[in-house]
Amino acid sequence: MNKFLRYSFLSLMLIFCGSVFADEATFNFTTPDGLKAMGVAEANIPTVEASASAGVAFETNGPFTVNGVTITSTDGGTNSSRIWSPKGNTGTSYDFRVYGSKTNAGTITFTAPTGKEISKIELTTGTWNEPTPNVGSIASKTWSGVANSVTFTQEGQCQYKTVTVTFADAGSVTSKKDAGLSFSEETVNVVVGEPFTAPTLSKATTADVTYSSTNTKVAVVDEALGTVEIVGAGTAKIRATTEENDEYYAGQAEYQIIATEPVQTDVTLPYEDLTGGQGSFTIDNVTLSEGLTYVWKWDSSNKYMKASAYVSGNKASESHLVSPTIDLGTATAPTLYFSQCINKYFGTYADEAKLRIVVDGSNVDIPLTAPTIESGNWSKWADEEIDLTAYAGKKIQVKFVYISTTDAAGTWEIKNFKVEDKAASGLNTIEASPLNVNAPMYNLAGQRVSKSYKGIVIQNGKKMIKK
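Residues numbered from 1 in each chain as written. Predicted model: local features only at pLDDT ≥ 70, side-chain atom pairs only at ≥ 80, totals over all residues. Heavy atoms only, no water.

## Considerations on the overall build of the protein chain
Scanning the protein chain for helices and strands turns up four helices and 38 strands. Each of the 467 residues in the protein chain was classed as buried or not, and the buried ones make up 40%. In the structure as shown, the protein chain presents an accessible area of about 23,900 Å², 50% of it carried by carbon and sulfur atoms. (Helix = DSSP H or I, 4+ residues; strand = E, 2+ residues; numbered from the N terminus. Buried < 20%, exposed > 50% of the residue type's maximum accessible area, 1.4 Å probe, protein only. Areas by Shrake-Rupley, 256 points an atom, 1.4 Å probe, with all protein chains shown as cover.)

Set out below in structure tokens:
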């Protein structure tokens, strides 16, 4: 009888707990021994000595194999997949880097032996841009699901350090349900200070949802409710995450917020712009030849406005980057500051990159000096200071005028635009600087708030009560 009970108990364990007999394959990309264990030839492993003064790479897509499980990749972005040894590596700093971009995604694939199914993939990484799996779901750098092969598609770089793959006989893994997390919108555009309603989250899982923001300088989210407050310009991703439970796998979903400052048509001093986006500048495309859809564009990666009319060759164009109307008011020494950078592909810089002041209905072009290109294709950033005293008491607009031809289409980059009264900002004055009504406001927690915020705020370094 006891023997029968033991066999019955064993049968029940095989039926209901097949995952107890799961196997693991651990890939350690951080050491030479770990790399050799997965089939990397010793001759291909960058040496510590070679990494002493610079990073060293061995480009490879695999396959890497441990315990019958294989890992392979495909190239994305602008780089090949590689085993990387950073500068000054002491022998324990290697990783496997897979690249990707929005226009050229990369992939990494995990495959179990024939007749086996993967139930979990646990990752430790350096740089991590959440990939998208073709099956199952990822949460907190752990994939859950049931599949013989799993492919992650990447639109950014991931630096894989260790990977642990859990697998078992096909059909023996207890299959759970997908968490089913998804937002009603993937991307939301919002203006700072305007009402914002978060996209609706749908879910199948019974697990609690935790919300987080990737950039709290742009968006602050209630971690339990998912309500969002927009506190500044820029981009942020709002993520919803659920843990695995007895019925559902862990899950994650996200949407992106693109927040911009309100476009102002009239501003006073001091006035700053082109620091976190296009701001209140507008673009006037005077002429765009065939093949061009724009000239000026905000470069969100490098944080500057960029003008170029090169699209598979030089294109003729004229395009103006135009400030709002700036009231110089009572400033006695109004001064314009900005930074510029150019490449070597201009014809005659003075004719193709112009600073124009619009005052009293007239255009005045102010000569600029081209930044020096010492070597290579690009100049260094040059900080410019333009005396606007001649326009004191006036209202002006500032235009950056870009002109290209079929013979020459250089690239012009502009950032850190500011107009202020140099006399008022000097250390030798005892007069108080004028209040900047355009300056950002912050609450007592240091979070940026909109103009509609009520309560105690800090603006221009001073506390005040907004009713």
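Now that the structure is up, let's keep going.
## A word on unusual backbone geometry
With an omega of 5°, the peptide bond running from Gly-62 to Pro-63 counts as cis. Each neighbour pair has its own omega, and for Leu-269 with Pro-270 the value is -10°, a cis peptide bond. Structurally, Pro-270 is set in the loop between strand 22 (266-268) and strand 23 (271-273). Phi at Lys-141 is positive, roughly 60°, even though this residue is not glycine. Secondary-structure assignment places Lys-141 in the loop between strand 10 (137-139) and strand 11 (142-147). If you check the backbone angles, Leu-274 has positive phi at about 60° while not being a glycine. Within the element layout of this structure, Leu-274 appears in the loop between strand 23 and strand 24 (282-288).

## Observations regarding the sheet that holds strand 15 (residues 187-191)
Strands sit in the order 15-21-20-17 across an open sheet of four strands; the sheet is mixed. If you trace the sheet from one side to the other, it starts and ends with strand 15 and strand 17 (209-213), each paired once. For this sheet the average axis-to-axis angle between neighbouring strands, irrespective of direction, equals 25°. Relative to strand 20 (residues 234-242), strand 17 runs antiparallel, the two being bridged by five bridges. The partner of Ser-212 across the bridge, within strand 20, is Arg-239. (Pairing = 2+ DSSP bridges. Axes fitted to C-alpha atoms, helices over the stretch in contact; angles between N-to-C directions.)

## Some words on the sheet that holds strand 7 (residues 106-111)
One open sheet accounts for five strands, arranged 3-4-7-12-9; its pairing is antiparallel. Of all the strands in the sheet, the pair left with one neighbour each is strand 3 (64-66) and strand 9 (132-133). In terms of strand pairing, strand 9 meets strand 12 (residues 149-154) through two bridges, oriented antiparallel. What sits directly across from Pro-133, in strand 12, is Phe-152.

## Here we look at the side chain of Arg-356
Positionally, Arg-356 belongs in strand 30 (residues 353-359). Within the structure, the side chain of Arg-356 is placed 2.6 Å from the side chain of Asp-365, a separation counted as a polar contact. Once residues within four sequence positions are removed from consideration, Arg-356 is found in contact with His-320, Asn-363, Val-364, Asp-365, Gln-397, Val-398, Lys-399 and Val-401. (Polar contact = N/O pair within 3.5 Å; in protein donor to acceptor, adjacent residues only side chain to side chain. Contact = heavy atoms within 4.5 Å.)

## So, the pattern of salt bridges
Going through the model one piece at a time under the given rule, you end up with 13 salt bridges. Across the pair Arg-239 and Glu-254 runs a salt bridge, and its minimum N-O distance is 2.7 Å. Residue Arg-239 is found in strand 20, and its partner Glu-254 is found in strand 21 (residues 251-260); the two are separated by 15 residues along the sequence. When its relative accessible area of 23% is taken as the criterion, Arg-239 is described as partly exposed. (Salt bridge = Lys/Arg side-chain N within 4 Å of Asp/Glu carboxyl O.)

## Re the environment of Ser-172
Here Ser-172 is to be found in the loop between strand 13 (158-169) and strand 14 (182-183). For Ser-172, a relative accessible area of 22% corresponds to the partly exposed category. Sequence spacing of Ser-172 and Lys-116 is 56 residues, and the spatial spacing of their C-alpha atoms is 9.0 Å. A polar contact is formed between the side chain of Ser-172 and the backbone oxygen of Asp-169, at a distance of 2.6 Å.

## Let's talk about the packing of aromatic side chains
Across all of its chains, the model carries 15 aromatic pairs by this definition. Relative to Tyr-402, the ring of Phe-346 has its centre 6.3 Å away and its plane inclined at 70°; by these criteria the two rings are edge-to-face. Residue Phe-346 is found in the loop between strand 29 (334-342) and helix 3 (349-352), and its partner Tyr-402 is found in strand 33 (residues 395-404); the two are separated by 56 residues along the sequence. For the pair Phe-346 and Tyr-402, one class covers both residues: buried. Between the NZ or CZ atom of Lys-418 and the centre of the ring of Tyr-337, over which it lies, the distance is 5.5 Å. (Phe/Tyr/Trp six-rings, centres within 6.5 Å; stacked < 30°, edge-to-face > 60°. Lys NZ or Arg CZ within 6 Å of the ring centre and 35° of its normal.)

## What to know about the environment of Ile-258
Note on placement: Ile-258 falls in strand 21. Overall, the relative accessible area of 26% leaves Ile-258 in the partly exposed class.

## Observations regarding the side chain of Arg-82
Tracing the backbone through its elements, the reader meets Arg-82 in strand 5 (residues 82-85). Judged by relative accessible area, Arg-82 falls into the buried class, the value being 12%. A polar contact is formed between the side chain of Arg-82 and the side chain of Glu-59, at a distance of 3.3 Å. In terms of polar contacts, Arg-82 uses its side chain to reach the backbone carbonyl oxygen of Ser-80, at 3.1 Å.

## Observations regarding the confidence of the model for the protein chain
Parts of the model with low pLDDT should not have their predicted coordinates read in detail. Summing up the model confidence of the protein chain, the mean pLDDT is 89 and the portion of residues at 70 or higher is 87%. Note on residues 1-20: pLDDT under 50 across the span, and six contacts to partners over four residues away in sequence or across chains. Taken together, the stretch residues 427-433 has pLDDT below 50 and engages in three contacts with residues farther than four places along the chain or on a different chain. (pLDDT = per-residue confidence, 0-100.)

## Describing the pairing of strand 31 (residues 362-366)
Across five bridges, strand 30 lies against strand 31 in antiparallel orientation. Looking at strand 31, one finds that Val-359 is bridged to Ser-362.

## Things to note about the nonpolar core
In terms of nonpolar packing, the biggest core is built from 39 residues, with Trp-296, Ile-326, Phe-400, Trp-412 and Phe-417 touching the most fellow members. Going through the elements one at a time, strand 25 (296-299), strand 26 (304-308), strand 29, strand 30, strand 33 and strand 34 (411-421) are the ones with two or more residues in this core. Beyond its immediate stretch of four places on either side in the chain, Phe-417 contacts Tyr-271, Glu-272, Asp-273, Leu-274, Phe-281, Ser-323, Ile-326, Leu-336, Tyr-337, Phe-338, Val-398 and Phe-400. Ranked by size, the runner-up nonpolar core spans 32 residues in total, among them Ile-71, Trp-143, Phe-152 and Tyr-160. (Core = buried A, V, L, I, M, F, W, Y, C linked by side-chain atoms within 4.5 Å.)

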